[in-house]
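# Structure at a glance
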Amino acid sequence: MSAMIAGTAGYQDESEALAQRFESVAFEAVHREVLPLFPDRPCRVLDIGAGSGRDAAALAGRGHRVVAVEPTAGLREEGRRRHGAQPIEWVDDHLPALAQVRAGGTRFDLILCIAVWMHLDGAERPQAMAAVSALLAPGGLLVLTLRHGPVPAGRRMFQVDADETVALAAANGLALRHRGARASLFHDSVRWSVLAFSRSLPAPSSPARG
């Protein structure tokens, strides 16, 4: 399945090296600006494009129930090898449809989509936002990053505008909670936009009047 997904081009052959790179940076360093928004109680977490499982493992270690979605077989294997002691559910699925995850019927309180969105083209991104937003529970948080910079050889990536992403989220009922930027931890020529969105809780019903 993974070999047929254009966005995974170049990842399978470099899975071990990529896993070492991902694991060299602490979860807290990657997410420090949005960590205050994360749920502080055990909840349901979906990590889309989980890579080596660094974030999934950190969240599982905090008591969350984590589903890690990773379409590259080599990275899933690295994740299971490195973090096999954590109760992470690994799923071979991918954007824009996330068909397997959506078929499960679970809605998640926290969804991470880190270093993934740039693999989707202009036609795929609206479908992907609809799929992700449908999986976010009321009151839930979506954290999404956008890559800006040159595309490595052999990879399929697109330049994605933050304003477009905010508009797509709004069209799917998600409100912007955070918008920031940070430098790449690995490449001087790359920077990232960091976006966080939430889905409002349903309004309380009005008491019946007799």
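In this numbering scheme, every chain counts its residues from 1 along its sequence in written order. Thresholds applied to this predicted model are a pLDDT of at least 70 for local features of residues and 80 or more for the giving and counting of side-chain atom pairs; totals over whole chains, interfaces and linings are not thresholded and use all residues. Excluded from the side-chain calculation are hydrogens and water; included are all heavy atoms of the structure.

An unreviewed UniProt entry lists the protein under the name SAM-dependent methyltransferase, with Cupriavidus malaysiensis as the source organism.

### Observations concerning the nonpolar core
Proteins that are soluble and globular tend to have nonpolar side chains buried together. Core analysis: the biggest nonpolar cluster contains 30 residues, and Leu46, Leu95, Ile111, Trp117 and Leu142 have the highest contact counts within it. Runs of E in the DSSP output that reach at least two residues are strands. Runs of H or I that reach at least four are helices, and both are numbered from the N terminus. Contributing elements (two or more residues each) for this core: strand 1 (44–48), strand 2 (65–69), strand 4 (108–113), helix 6 (124–135), strand 5 (136–148), helix 7 (162–171) and strand 7 (191–199). Note on contacts: a residue pair is in contact if any heavy atoms of the two residues lie within 4.5 Å. Every residue in contact with Leu95, bar those within four places of it in the chain, is listed here: Ile48, Cys113, Val116, Trp117, Leu120, Ala128 and Val132. Val45, Ala50, Ala57 and Ala68 belong to the second largest nonpolar core, which has 22 residues in total. The nonpolar core is taken to be a set of buried Ala, Val, Leu, Ile, Met, Phe, Trp, Tyr and Cys residues, with the residues joined through side-chain atoms within 4.5 Å. Throughout, exposure labels follow a simple rule: accessible area from a 1.4 Å probe, protein chains only, divided by the maximum for the residue type, with under 20% read as buried, over 50% as exposed, and the rest as partly exposed.

### So, helix 6
For an α-helix the count is 3.6 residues per turn, leaving residues at separations of three or four pointing the same way. Its 12 residues place the ends of helix 6 17 Å apart at the C-alpha level, agreeing with the 16 Å of an ideal helix rising 1.5 Å per residue. Buried residues of helix 6: Glu124, Arg125, Ala128, Met129, Ala131, Val132, Ser133 and Leu135, and no others. The span you would expect from a helix comes to 1.5 Å times its residue count less one.

### Considerations on the sheet that holds strand 3 (residues 88–91)
With mixed pairing, 7 strands are arranged side by side in an open sheet as 3-2-1-4-5-7-6. Only two strands of the sheet have a single neighbouring strand rather than two, namely strand 3 and strand 6 (174–183). Each neighbouring strand pair of the sheet contributes to a mean axis angle of 15°, computed without reference to strand direction. Pairing geometry for strand 4 and strand 5, over 5 bridges, is parallel. A pair of strands is treated as paired once DSSP finds two or more bridges between them. Here the axes come from fitting lines to C-alpha atoms, over the contacting stretch only for helices, and the angles between their N-to-C directions go from 0 to 180 degrees.

### A closer look at the packing of aromatic side chains
For Phe, Tyr and Trp, where Trp contributes only its six-membered ring, two rings pair if their centres lie within 6.5 Å, and the inter-plane angle classes them as stacked under 30 degrees, edge-to-face over 60, or tilted in between. Across all of its chains, the model carries 1 aromatic pair by this definition. Ring geometry for Phe27 versus Phe38: centroids 6.3 Å apart, planes at 65°, classification edge-to-face. Note that Phe27 is positioned in helix 2 (residues 27–31) and Phe38 in the loop between helix 2 and strand 1, a separation of 11 residues in sequence. The residues Phe27 and Phe38 share a single accessibility class, namely buried.

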